[in-house]
Structure formats: structure tokens, C-alpha cells
Amino acid sequence: MKKLTTKKKRYGVVGWGVYFATLLLGILNYVQVVPVGLLFSYMIIFLWLVHYEIEQLDKGLLLLCNGVVFVLFTSTVAGLEGSNGALFAVPEQTRIALVALVMMAGSTFLGAGGSVIANVAADHSSDRTITKNETQSLVNVEAKLKAIYRLLWAIFILIAAASMVLSILVIYY
């Protein structure tokens, strides 16, 4: 049976390339193409992440992060939360399709990421006996979790700084 995993990152690059090309088409007033392009990019990115050959904890975090970025960018750029940050005007029928796509993408990315992380947590649960080999594995997981914790704080600080800079730019311009 053929192995269905991949170590290639180009599929992710293609998925995000389709995403940003679709947003560019929306900015150029080809708004009718935006839902289809975003749907294709969502499918490419999601399927790539599911079949990407990395450790399960990393896969879960990638699914969560890509889902958050996809939902936030799409909601902001298309003005689904309000027209303040919208880069292009979206007709009402297209808005309904985009809202449905954002809800679907959010639930699948975040649901899949959460379940992958839950499986890792179940494997390393404290309510079962731990063998000597598993102790070393737990040490590795703890080191990764500390690194992830530091990375999340760094991302939080970067987002806060970017929000402050953008807020200042919006206020003064």
C-alpha cells in the first residue's frame, strides 16, 4: 500500500499562494472569484497539513495556527466583521458564502488540530503507568511544550506590537 504522507512543504506554499492570489483578485474587483479561490486554498492547505509528515504535536499546532490565520485574515480582509479593515467590497450573496467558508475552515482546522493534540495528551496521560522508555519521551514532550510556550508568548507580543503600530497609524492617518 502506498504511503499517503508527504515531507514536501511546496503544497503548503501552493495553498497559501492560491490564498493570497485570491485576495489580490478580490482587491482588483474580481470578487465573484474569491469564494472559489478561498475554498481551493483551504482544501489544499488542510489536506497538506493532514498528510504532512511531522510529529503529531507539531501537526496539531500547525493545524491550529493555520486555522486561526486563515479565519482572521479572511474575516478582516473581506470585511466580514465590519467594513473598517476590508480591502474590497463584498456583495451580500458573496458575504454569505464567505461566512460559511470561514465557519467551515475554522471548525475543521481547529477541530482537527485540537483532536490531534488531544491524542498526544492521551498518549502521555498521567493516569497510566509509565515505562522507562516513555519517561524519556515525556521529557522530550515537556521540552517541546516549553519551546511552544515561549513561541506563543513571542507571537502574542508581536501581535500586540503590530496592533499598537497599526492603531497608531490608523489614528494619525
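Residues numbered from 1 in each chain as written. Predicted model: local features only at pLDDT ≥ 70, side-chain atom pairs only at ≥ 80, totals over all residues. Heavy atoms only, no water.

1. What to know about the packing of aromatic side chains
Right, so step 1: Enumeration over the complete set of coordinates arrives at 14 aromatic pairs.
Right, so step 2: Ring centres of Trp-16 and Tyr-19 lie 5.2 Å apart, and the angle between their planes is 75 degrees; on these two criteria the pair is classed as edge-to-face. Placement of both Trp-16 and Tyr-19 in helix H1 (residues 10-27) is noted, with a separation of 3 residues, approximately one turn of the helix. Take Trp-16 and Tyr-19: they sit in the same class, and that class is buried.
Right, so step 3: Considering the side-chain rings of Tyr-19 and Phe-20, the 5.2 Å spacing of their centres and the 85 degrees angle between planes classify their relative orientation as edge-to-face.
Right, so step 4: By relative accessible area, Tyr-19 is classed as buried at 0%.
Right, so step 5: Given a relative accessible area of 42%, Phe-20 falls into the partly exposed group.
Right, so step 6: Taken together, the aromatic side chains of Trp-16, Tyr-19, Phe-20, Tyr-42, Phe-46, Phe-70, Phe-73 and Phe-109 make up a single cluster linked through ring pairs. (Phe/Tyr/Trp six-rings, centres within 6.5 Å; stacked < 30°, edge-to-face > 60°. Helix = DSSP H or I, 4+ residues; strand = E, 2+ residues; numbered from the N terminus. Buried < 20%, exposed > 50% of the residue type's maximum accessible area, 1.4 Å probe, protein only.)

2. A closer look at the nonpolar core
Right, so step 1: Ranked by internal contacts, the top residues of the largest apolar core, which has 27 residues, are Leu-38, Tyr-42, Leu-63, Phe-70, Phe-88, Leu-98 and Phe-109.
Right, so step 2: Elements supplying a minimum of two residues to this core: H1, helix H2 (34-51), helix H3 (56-77) and helix H4 (92-123).
Right, so step 3: Excluding its chain neighbours within four sequence positions, the residues that come into contact with Phe-70 are Trp-16, Tyr-19, Leu-38, Ser-41, Tyr-42, Ala-105 and Phe-109. (Core = buried A, V, L, I, M, F, W, Y, C linked by side-chain atoms within 4.5 Å. Contact = heavy atoms within 4.5 Å.)

3. Description of unusual backbone geometry
Right, so step 1: Phi at Asn-29 is positive, roughly 70 degrees, even though this residue is not glycine.
Right, so step 2: For Asn-29, the position within the fold is in the loop between H1 and H2.

4. Things to note about the packing of H1 against H3
Right, so step 1: Packing of H1 against H3 leaves a shortest axis separation of 12 Å and a crossing angle of 10 degrees. Taken as axis vectors, H1 and H3 run roughly parallel relative to one another. On the side of H1, the interface is formed by Trp-16, Tyr-19, Phe-20 and Leu-23, while H3 contributes Asn-66, Val-69, Phe-70, Phe-73, Thr-74 and Val-77. (Axes fitted to C-alpha atoms, helices over the stretch in contact; angles between N-to-C directions. Parallel < 35°, antiparallel > 145°, perpendicular 65-115°, else oblique.)

5. Considerations on H1
For the α-helix, the turn length of 3.6 residues means that residues three or four positions removed from each other point alike.
Right, so step 1: Here H1 spans 25 Å end to end across 18 residues, near enough to the 26 Å set by a 1.5 Å rise per residue.
Right, so step 2: Within H1 the residues assigned to the buried category are Gly-12, Gly-15, Trp-16, Tyr-19, Thr-22, Leu-23 and Gly-26. Looking straight down H1, one finds that the buried residues subtend no more than 115 degrees of arc, so they occupy a single side.
Right, so step 3: Tucked inside the fold, the buried residues of H1 contact H2 and H3.
Right, so step 4: Phi turns positive, to about 70 degrees, at Asn-29, one or two residues after H1. (Expected span 1.5 Å × (residues − 1). Arc of directions from axis to C-beta.)

Note that every value here comes from positions in space, so none of it alone points to a role or purpose.
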